[in-house]
Every structure is written in C-alpha cells, then in structure tokens.
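So you can see what is in the structure, the chains are spelled out below.
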Amino acid sequence: MDKKANDTFAFDLENRLDDFFSDALPPQEEPPTDAPAVPRTDLPLKELKSTILAIDWEITDDVLDTFIDQLDGLLAQFEDDKVIHTLLKLLKSLGKYVRTHKSKAHPDTIKRIMAVYAALEESVSKDGISRSEKEKMLLEEVRQFQRLKALIVASNPPHMASGPQKPGISEEIPGIDSVIKAIDELKSMMAKELGAIREELGQLRKK
Amino acid sequence: MAFINTKTKEVQVKLVFVGPGRGGKTTNLEYIFSRIRHRIESDMVSIKTQGDRTLFFDFLPFELGAIKGYNVKTQLYTVPGQVKYNATRKLVLKGVDGIVFVADSMVDRRENNISALNNLAENLNFYDIDIAGLPLVFQYNKRDLATEGIPILDVETMEKDLNAQLKAPSFTASALKGDNVIPTVKKAISTTMVAIREKLL
C-alpha cells in the first residue's frame, strides 16, 4: 500500500471522527458555579464506600477488618443520631457475618451491604431529608435485613445431635442482638414522640 | 475480526470496553451515548442486575458514516467486570476488533486492574488473539476522585503496571464528568480502523 493512500485514509478518518463526535452537540448543562463544598460528615463515608467496593470485588480479611474499623469510627461519630447509628450497626453485623463466612456467606449479603450503605449515604449527605423519611428508610433496611436473616436460617438445615453444634442466628449474624435492641429503642422513641404529639393535639382541640 | 462487505461497501467494527468491576465502563458508554444520541438512530442497550451492575453487557451501535467509500458501523460493548462473570466476558470478546481498557485509578484497585488485564489477555488467547497485536487504548479513569480526597494512583504507576510492555495510547479520564471520554473512543476507533485499512484500500 502506498504512503499517499495511507495518509489520505488517516486524514479522512480523523475528519470523520471529528465531525461525528464534535458537531451539533446538544446543549450542555452548565456546572453550578457555587458548588457546595463536600460536607465534613461526608468524608468518612467516602472511605467506607471505597472499602465496600473493595469487598464487592474480593472478600479478604484485610478489607473486612478495615470495614469494621471504619464502622467503629463512624459509630462513635454518629452516636447521637439513632437512625444513622442503627444503619451503621446493620452494616457492622453484615460485615462481621461476611468476615466469619467469607465466600460461603449468603450471596445476597453484599447486595444488602450496598443497599444499607446507599440508605446511610442518603441519610448523611442529602440536604433537607426529614427525620420521618430517614426512619422510613431505616425500617425498610431493617425489614430487608430480617428477610436476609430468614434466608440464611432457611439455607442452614438443622444439625444432627451428635455433630458439632451449629451456631444460632445470633452467632450467624454477629451483633444482631444489639441491632434489634437499637431498633426497639428507636421504635419506643418514635412511639413516645407520637404520644406527645397526640397529647398536644388533644390539648389544642380542647382549647 | 471486522466484518467487511465489499459488495455493499459496509464495514462493521466491534470495540469492547474492558476493565475491573466498577471501573466506569458503563459510565463511559453512557457518556458517549449522551453526546451522540441526537445523531444516531439506535439506542443504547443495557442489561443490568438489581443492584445496577452490568450482568451481561451494554451495547451501543452507531453508524460513523462513510470513510473511503465504506459505510462504517461501530459497535461498542462493555463486559461485566466482576470476576465471577468470566464466561460472559469471554463471549463478548468474540470477534473483537479493538479494546478500551478502563482502569480504576483508586489506589486500592491497583491489583484489580492488573488482574483484569491478565484476565483479558487470557480470554483473548482463548480466541488465538495476542493482546499485543490487538488495537488497544488505556483509560485511567476516576481521576476526579483526587478532588474528593480519595487517594489515586499516579499515572506513572498505572503506566508501569499496565502499559509497560504494550505501550498502547493512554488517557487519564473522568467518565462521570465526561473528561477525555470522547478522545479515548476516537483513538480506539481510529487505531482499530487503521489496523484494518489494508482490507479497505
């Protein structure tokens, strides 16, 4: 093939590609000029997200240890926020379960970790999200967590009396008791708040 | 192998976006689609799992137009990056003409990039294709994460890890923001077309 033909081909090709990808672009949205800075509370979640993505790729002791450590840090940081605290506890329980069972963990577990993380991220980062919206999200995550727990129990047939004792569900998903306790506390707190609102409404009606 | 019909003067080129899971392959295709959708008749097809991951592949076909009298039809594919979907990855690579390797710039994905590249070489070997002889473009994606304080690999390290022997063209990019996505795909198409030009001239 002669050089001239080659050059013409390359020239035609470059022109075609430039035309195809460059002309008549749809109007691009202008990026906001005053983009808000990343909230301080968002930064620790970035690290957690990165770790979760690493778990999704490969389950190793190192990455799970990092995951649990990061969660411990966040649990201390968000101690006063019941919803976030409970979501973090759910993540920790799931993380401990994966650490114990590794590749034999229920296949839905990683998906659940990612879903809980998504709810956590929304609770922490989304501006203007109301308390009731957060609580609704939490209750959905708890429901899904319990569904997974039931699936895990169902996939473990009862052991023979002579064999080694199979761990119960509390050991199967470590930390489950503390999560349930936190949810109960949350429920009781919500019930109290609802009671107070009702009482206030009753008094207003009397007036 | 590109499909060339000398009677109808049509060339069909298949480019596959390959790389580790969650590296941004689908985001690349979505951005390309957003830029060209006004001028193509076809749609982008994505088959995803519940968790929004690519289960099978994404597929974006479009007609590039006439080059040297041939109507060039391009097909862009992505493959699932997760280790467990190797069978699908291998299948999508059948008949590939060019590769865009989308590497993840996050520090903790370094090994994953290397594994994904080795896996690509193995899968190409299955079709008797030597990775060194195939048109290939590297994209070091997610450079924007540095601004969020997430540690990323420097370009020299990524070049050394992935491209030291292949010496393919490479781009830093942010598929999420669209930075360098179009130059990457343009380079991949031109490199691939140049590789098949002898059959056209």
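Just so it is clear, the structure is predicted and the values come from calculations on it, not from any experiment.

Colleague: Explain the overall build of chain B here, please?
Modeller: Per the secondary structure count, chain B includes five helices and eight strands. The linear arrangement of helices and strands in chain B, starting from the amino end, is β-β-α-β-β-β-α-β-α-β-α-β-α. Burial analysis of chain B (201 residues in total) assigns 44% to the buried set. Considering only contacts in chain B between residues 6 or more positions apart, those separated by 24 or more positions represent 73%.

Colleague: In this structure, what is going on with the overall build of chain A? I would like to understand it.
Modeller: Within chain A, the secondary structure is distributed over eight helices and zero strands. For chain A, the sequential pattern of α-helices and β-strands runs α-α-α-α-α-α-α-α. The 207 residues of chain A split such that 24% are buried. Sequence separation of at least 24 residues holds for 66% of the intrachain contacts in chain A that already meet a minimum separation of 6.

Colleague: Sorry, what's going on with the packing of helix α5 (residues 109–125) of chain A against helix α6 (residues 131–154) of chain A here?
Modeller: Two quantities define a packed helix pair, namely the angle between the helix axes and the distance between the axes. Residues and elements named next belong to chain A. Where α5 contacts α6, the two axes come as close as 10 Å, and the packing angle between them is 170°. In terms of axis orientation, α5 runs roughly antiparallel to α6. Taken together, the residues of α6 that come into contact with α5 (itself represented by T109, R112, A115, V116, A119, E122 and S123) are K134, M137, E141, Q144, F145 and L148. Residues of the contact of α5 with α6, tallied by class, amount to six nonpolar, three polar and four charged.

Colleague: How should the interface of chain A and chain B be read in this particular structure?
Modeller: How big an interface is tends to be reported as the loss of accessible area on association of its parts. The partner chain B presents 26 residues to the 24 residues of chain A that form the contact. Counting only elements with at least two residues in the side of chain A that touches chain B, the list comes to α1 (3–22), α2 (42–57) and α5 of chain A. No other element matches α1 of chain A, which puts 10 residues into the side of chain A that touches chain B. Taken together, the residues of the side of chain A that touches chain B break down into 17 nonpolar, one polar and six charged.

Colleague: When you look at the pairing of strand β6 (residues 98–104) of chain B in this model, what are you seeing that I'm missing?
Modeller: Within a regular strand, the side chains alternate between the two sheet faces. Residues and elements named next belong to chain B. Of all seven residues making up β6, seven are buried, and the element is well covered by its neighbours. Strand direction decides the pairing type here: strand β2 (residues 10–18) and β6, joined by four bridges, are parallel. Residue F17 lies in a different strand from β6, and its bridge partner there is V100. Taking the sense of rotation as the criterion, the β-α-β connection linking β6, helix α3 (residues 110–126) and strand β7 (residues 136–141) turns out right-handed.

Colleague: What's the story with the packing of helix α3 (residues 61–77) of chain A against helix α4 (residues 82–101) of chain A in this structure? I'm lost.
Modeller: Residue and element names in this part refer to chain A. At a closest axis distance of 10 Å, the pairing of α3 and α4 adopts a crossing angle of 160°. In terms of axis orientation, α3 runs roughly antiparallel to α4. The two elements α3 and α4 meet at a crossing, and its hand is left-handed. Within the contact between the two elements, α3 uses L64, F67, I68, L71, L74 and L75 and α4 uses H85, L88, L91, K92, G95, K96, V98 and R99. In the contact of α3 with α4, the residues fall into nine nonpolar, two polar and three charged.

Colleague: I would appreciate a short explanation of the pairing of β7 of chain B in the present structure.
Modeller: Residues and elements named next belong to chain B. Where burial is concerned, most of β7 is hidden: six out of the six residues are buried. The two faces of β7 match: L136, F138 and Y140 on one face and V137, Q139 and N141 on the other face are all buried. Of the strand pairs in this sheet, β6 and β7 are connected by six bridges, and their pairing is parallel. Bridge assignment links A103 to a residue of β7, and that residue is Y140. Handedness of the β7-helix α4 (residues 155–163)-strand β8 (residues 170–172) crossover: right-handed.

Reading guide: rules and limits
Residues numbered from 1 in each chain as written. Chains lettered and ligands numbered in written order. Predicted model: local features only at pLDDT ≥ 70, side-chain atom pairs only at ≥ 80, totals over all residues. Helix = DSSP H or I, 4+ residues; strand = E, 2+ residues; numbered from the N terminus. Buried ≥ 20, exposed ≤ 12 C-beta atoms within 10 Å, placed from the backbone. Contact = placed C-beta atoms within 7 Å. Axes fitted to C-alpha atoms, helices over the stretch in contact; angles between N-to-C directions. Parallel < 35°, antiparallel > 145°, perpendicular 65-115°, else oblique. Nonpolar A, V, L, I, M, F, W, Y, C, P; charged D, E, K, R; others polar. Pairing = 2+ DSSP bridges. Right-handed = clockwise from strand over helix to strand, strands pointing away. Left-handed = near helix turned anticlockwise from the far one by under 90°.

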